[in-house]
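# Residue-level structural notes
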Amino acid sequence: NLNYFGPDTPLEFGYCTEFLLRLQTAKVGDVEAFDESEIKQWLEQAGESVVCFRDGSIVKVHVHTFDPGSILTCARRWGEFLTVKVENMTLQHSEVTIQDNFSISAEAEEFRTAPKPYGTVAVASGAGVIAAFRDAGVDEVIEGGQTMNPSAQSFLDAFARVHAQTIFVFPNNSNIIMTARQAAEMCPEGQRVIVFPTRDVGAGYVAAAALDTSCKDVGTIVSSTEELIASVTTGHVSRAIRDSRMDGVGMREGDFIGIAGGRILTASPERPAVAEDLAEKTGAGLHDVAIVFRGVDVPCEEAEAFVRTLQAKYPRTEIMSVDGGQPVYDYMIVLC
């Protein structure tokens, strides 16, 4: 859309303001005991169209306001920002008015169609996982994964929608990497596509969230991202499809199994036991952050109990919980 807002245009619709606020102990005391409804009630007095919910120590906020500066300033009484986005809502109305009443100049058309420097594409499945990638700033998320491999055309369509000079791709499955690379080779001249060989959603999510697109040197972005990907450990809890013994672990059909690094590390008829043992064997207590993605078949109460267990067992590790809704894997435990 044409970004138009003239020097005499009145601010009729205000600003759409969104941010992720990390609660700080120094400001709220006991973060776990803090009631985020305090923030929501304040926002409802200060703005409109408020959406405010909490995920661990992070509070996600969406609010419409004519004074985003005061919103952001006051929000820091509870924590510090991880991301901030402020958009002028009058632009959308102005764009429609202009396009209805005026022809677009050649200069404006060139500006409108010019590609942005960087874009991102990722593959994921599960409504919550897809939402997490979008919250992390990924431009296009292609639905796919362990049991549903997207086509090269799906990637090409996503690349076209992103409309960037350089596009970073996170396939997030070993079976999808080759397809992503084939699509990259089919891109039109002038568009550069870099495929990171992420073999699981955990590595892709951490890398996408940390991608520094403010850096002008593509080589620096690639090297730092590859280094980060190599440092991420992802454990998966799934089901055994038959009686067998692999990697020294015996299992029966229907047992829950814990997998990391392509190896089966643990198995049991009890899912929480497998998840806890998997976290232990992948070194959860040695990492700064552990992100638990809950699968579509896992009851909320069970996942909450599992997270509490991890928090008690590994007090130095920040435990984050995401309702991923992913199929195949009951839990994905991402350590970084």
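What you see is a predicted model; the values in this text were computed from it and never measured.

Analysis parameters
Residues numbered from 1 in each chain as written. Predicted model: local features only at pLDDT ≥ 70, side-chain atom pairs only at ≥ 80, totals over all residues. Heavy atoms only, no water. Pairing = 2+ DSSP bridges. Helix = DSSP H or I, 4+ residues; strand = E, 2+ residues; numbered from the N terminus. Axes fitted to C-alpha atoms, helices over the stretch in contact; angles between N-to-C directions. Contact = heavy atoms within 4.5 Å. pLDDT = per-residue confidence, 0-100. Left-handed = near helix turned anticlockwise from the far one by under 90°. Nonpolar A, V, L, I, M, F, W, Y, C, P; charged D, E, K, R; others polar.

## Section: the sheet that holds strand β2 (residues 48-55)
A sheet is described by the order of its strands in space; here 4 strands give the open sequence β2-β3-β1-β4, paired in antiparallel fashion. On the outer flanks of this sheet lie β2 and β4 (79-88), each paired with one strand and no other. Strand-to-strand twist across the sheet, computed as the mean angle between neighbouring axes with direction ignored, equals 10°. Pairing of β2 with strand β3 (residues 58-65) involves 6 bridges; the strand directions are antiparallel. When the bridges of β3 are listed, F53 appears paired with K60. Set on the sheet, helix α2 (residues 37-46) makes contact with β1 (15-23), β2 and β3; between it and β2 the angle comes to about 165°.

## Some points on the sheet that holds strand β16 (residues 331-335)
Spatially, 6 strands are ordered β13-β12-β9-β16-β14-β15 in an open sheet, and the strand pairing comes out mixed. With partners counted over all chains shown, the strands left at the sheet margins are β13 (263-268) and β15 (318-326), one partner each. On average, each strand axis in the sheet is tilted by 20° relative to the strand beside it, whichever way the strands run. With 5 bridges joining them, strand β9 (residues 233-239) and β16 adopt antiparallel strand pairing. Paired with V237 across the two strands is Y331, which belongs to β16. Packed onto the sheet, helix α12 (residues 300-313) meets β14 (289-295), β15 and β16 and runs at close to 165° relative to β14.

## Points about the environment of A180
Locating A180 in the fold gives a position in helix α8 (residues 177-185). Note: C-alpha distance between A180 and A122 (58 residues apart in sequence) is 10.0 Å. Leaving out residues up to four positions away in the same chain, A180 has contacts with F155, V169, P171 and V195.

## Points about the confidence of the model for the protein
Taken over all residues, the pLDDT of the protein has a mean of 88, while the share at 70 or more is 91%. Note that residues 92-112 has pLDDT below 50 and, in this model, 17 contacts with residues that lie over four places away or in other chains.

## Observations regarding the packing of helix α11 (residues 271-281) against α12
Geometrically, a packed helix pair is captured by the angle between its two axes and the distance between the axes. Here α11 crosses α12 at 30°, and the two axes come no closer than 11 Å. In this structure, the crossing between α11 and α12 has a hand that is right-handed. Contacts between α11 and α12 involve R271, P272, A275, E276, A279 and E280 from the first element and E302, F306, T309, L310 and K313 from the second. Along the lines of polarity and charge, the residues of the contact of α11 with α12 split into 5 nonpolar, 1 polar and 5 charged.

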